[in-house]
Amino acid sequence: MATKTVLLTSGTSWTVPADLDTSANVTVIAIGGGGGGGRGSNNSRGAGGGGGGGWSQSSISLSGISTAYYSIGGAGTGATAANTAGTSGGQTWFNKATNAAPTLSSNGVVANGGGGGAASQTGGTAGSTTGAVGSTTYAGGAGGSTSSSNRAGGGGGGSAASSLGAGNVGGASGASEQTGGGGGGGVGGAGAASSSTKPSAGGDGGLSYSSASGGTGGTVGTSNGNPGGSGANGAGGGGGGAAPNVTNATGGAGGSGGAGTEYAISAGGTAGSGGGGGGGGGTTNSTNATGGAGSAAGNYGGGGGGGGNGNTTSGVGGNGAQGAIIITYTVLPSSNGNFFMMFA
């Protein structure tokens with residue numbers, strides 16, 4: 001039987017399509033929003049990466065239903081002010097019965113958002129399965145933490161959960177100043193930590209949905225840290241490289257998390273669970289040193305990278321990615337098609 005797959009990323013209600021075969025159950029997937037990365041105090045510790053959103057799935061009947069209701073979890077915002085945590089991602093839900101989050105998996109799904117990364121050291125919490133609703137529920141990946149050393153890199157963002165299972169944690173920064181940022185978690189594997197031997201490159205991003213490599217960690221340049229590479233297909237972004245020991249140096253920015261692509265959307269394009277953004281690179285105590293920026297997560301549900309720290313200015317946190325709902329239904333056989341099959 002032919003099927004169609006629909007992606008919902010905004011709005012609050014869904015009209016059941018006329019071509020939906022109500023004799024067959026519909027598969028509904030919810031991905032929670034990812035948390036934003038934190039930004040540390042100037043000349044202090046690196047900031048934590050944001051946590052990835054959870055994932056829930058149910059198979060439900062839409063017989064007799066004309067309109068269903070939903071809410072898309074918003075993206076957590078990366079911190080832009082010094083000594084500030086990123087904000088949490090929002091909860092995503094779908095309910096065939098009423099305009100509120102369901103309590104029964106026969107009515108829909110609920111997936112929780114990831115927590116924002118702290119301004120100092122601690123990664124954001126994973127989008128939890130506590131309170132989640134679905135026949136299958138998975139937690140997101142926690143954001144990467146950082147060391148207690150001043151001027152360290154930021155933690156990588158956690159990935160969203162996916163049909164593979166729970167999301168994966170973002171990489172931590174090494175236990176020293178002048179360390180690279182942690183790699184973002186990928187839906188297929190955890191982000192790598194940066195080395196504690198300074199100056200260090202950023203950690204590599206975690207694996208993609210298809211187990212391909214994530215973004216490569218940025219290296220230590222001659223004047224600034226180099227940025228981490230971007231992820232693809234739900235892979236994590238690479239952490240930014242640490243800044244060299246020169247005046248006016250800036251840590252490398254983290255690489256962006258890869259957007260999920262595991263579902264082909266009938267209206268065009270692809271969608272799926274996103275990878276976490278890479279953490280920004282740290283610095284030494286050089287004059288006018290600036291921490292690298294944490295990077296944005298991949299759609300949908302990845303956590304943003306935490307900002308690296310510098311003796312003069314800390315790096316900003318990366319934004320998390322919003323949640324989404326993905327619906328797959330069986331297409332009602334065409335009446336005209338049946339007629340020609342019978343009498344051809």
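Going by the structure above, here's the rest.
Thresholds applied
- Residues numbered from 1 in each chain as written.
- Predicted model: local features only at pLDDT ≥ 70, side-chain atom pairs only at ≥ 80, totals over all residues.
- Heavy atoms only, no water.
- Helix = DSSP H or I, 4+ residues; strand = E, 2+ residues; numbered from the N terminus.
- Rg over C-alpha atoms; globule rule 2.2 N^0.38 Å.
- Contact = heavy atoms within 4.5 Å.
- Areas by Shrake-Rupley, 256 points an atom, 1.4 Å probe, with all protein chains shown as cover.
- Lys, Arg positive; Asp, Glu negative; His and termini not counted.
- Charge placed at Lys NZ, Arg CZ, Asp CG, Glu CD.
- Pairing = 2+ DSSP bridges.
- Axes fitted to C-alpha atoms, helices over the stretch in contact; angles between N-to-C directions.
- Buried < 20%, exposed > 50% of the residue type's maximum accessible area, 1.4 Å probe, protein only.
- Salt bridge = Lys/Arg side-chain N within 4 Å of Asp/Glu carboxyl O.

**Q** Looking at this structure, how should I read the overall build of the protein?
**A** Assigned secondary structure in the protein consists of one helix and eleven strands. Shown N-terminal to C-terminal, the secondary structure of the protein runs as helices and strands in the order β-β-β-β-β-β-β-β-β-β-β-α. Relative to its length of 344 residues, the protein is compact, with a C-alpha radius of gyration of 21 Å against a globular reference of 20 Å. Across its three principal directions, the C-alpha atoms of the protein cover 80 × 40 × 25 Å. Expressed as a percentage of contacts within the protein between residues at least 6 apart in sequence, the contacts between residues at least 24 apart total 65%. Here the protein displays about 11700 Å² of accessible surface, and carbon together with sulfur accounts for 49% of that area. Taking the average place of the 6 positive charges on the side chains of the protein and the average place of its 5 negative ones, the gap between the two points comes to 17 Å.

**Q** How should I be thinking about the sheet that holds strand 3 (residues 26-31) in this particular structure?
**A** Hydrogen bonding along the main chain pairs the strands of a sheet, whether they run parallel or antiparallel. If you walk across this open sheet you meet the five strands as 1-11-3-4-8, and the pairing is antiparallel. The open sheet has two edge strands with one neighbour each: strand 1 (3-8) and strand 8 (136-138). Each strand of the sheet is rotated relative to its neighbour by a mean of 15 degrees, with strand direction disregarded.

**Q** What should I look at first to understand unusual backbone geometry in this one?
**A** Along the chain, Lys198 connects to Pro199 via a cis peptide bond; the corresponding omega equals -10 degrees. Looking at where Pro199 falls in the secondary structure, it is placed in the loop between strand 8 and strand 9 (263-264). Positive phi values are uncommon outside glycine, yet Asn83 reaches one of about 60 degrees. When you line up the elements, Asn83 lands in the loop between strand 5 (67-71) and strand 6 (92-95). Even without a glycine there, the phi angle at Asn288 is positive, about 60 degrees. Among the structural elements, Asn288 can be located in the loop between strand 10 (270-271) and strand 11 (324-330).

**Q** Sorry if this is basic, but what is going on with the pairing of strand 6 here?
**A** Regular strands place side chains that alternate from one sheet face to the opposite one. Covered by surrounding structure in strand 6 are Thr92 and Phe94 together with Trp93 and Asn95, the residues of both alternating faces. When strand 5 meets strand 6, the two strands line up antiparallel, connected through three bridges. Bridge pairing in strand 6 places Tyr69 opposite Asn95. Pairing between strand 6 and strand 7 (residues 108-111): four bridges, direction antiparallel. For Thr92, the partnering residue across the bridge sits in strand 7 and is Ala111.

**Q** Got a minute to help me understand the pattern of salt bridges in this structure?
**A** Oppositely charged side chains can pair when the atoms bearing their charge come close. Under the counting rule described, the total for this entry stands at three salt bridges. In this structure, the salt-bridge partner of Glu177 is Lys198, at a minimum N-O distance of 2.8 Å. You can see Glu177 sitting in the loop between strand 8 and strand 9 and its partner Lys198 sitting in the loop between strand 8 and strand 9, a full 21 residues away along the chain. By relative accessible area, Glu177 is classed as buried at 16%. We classify Lys198 as partly exposed; its relative accessible area is 41%.

**Q** How do you make sense of the sheet that holds strand 6 when you look at a structure like this?
**A** Pairing in this open sheet of four strands is antiparallel, and the strands run 2-5-6-7 from one edge to the other. Of all the strands in the sheet, just strand 2 (13-15) and strand 7 have a single pairing partner and so form its edges. Each neighbouring strand pair of the sheet contributes to a mean axis angle of 15 degrees, computed without reference to strand direction.

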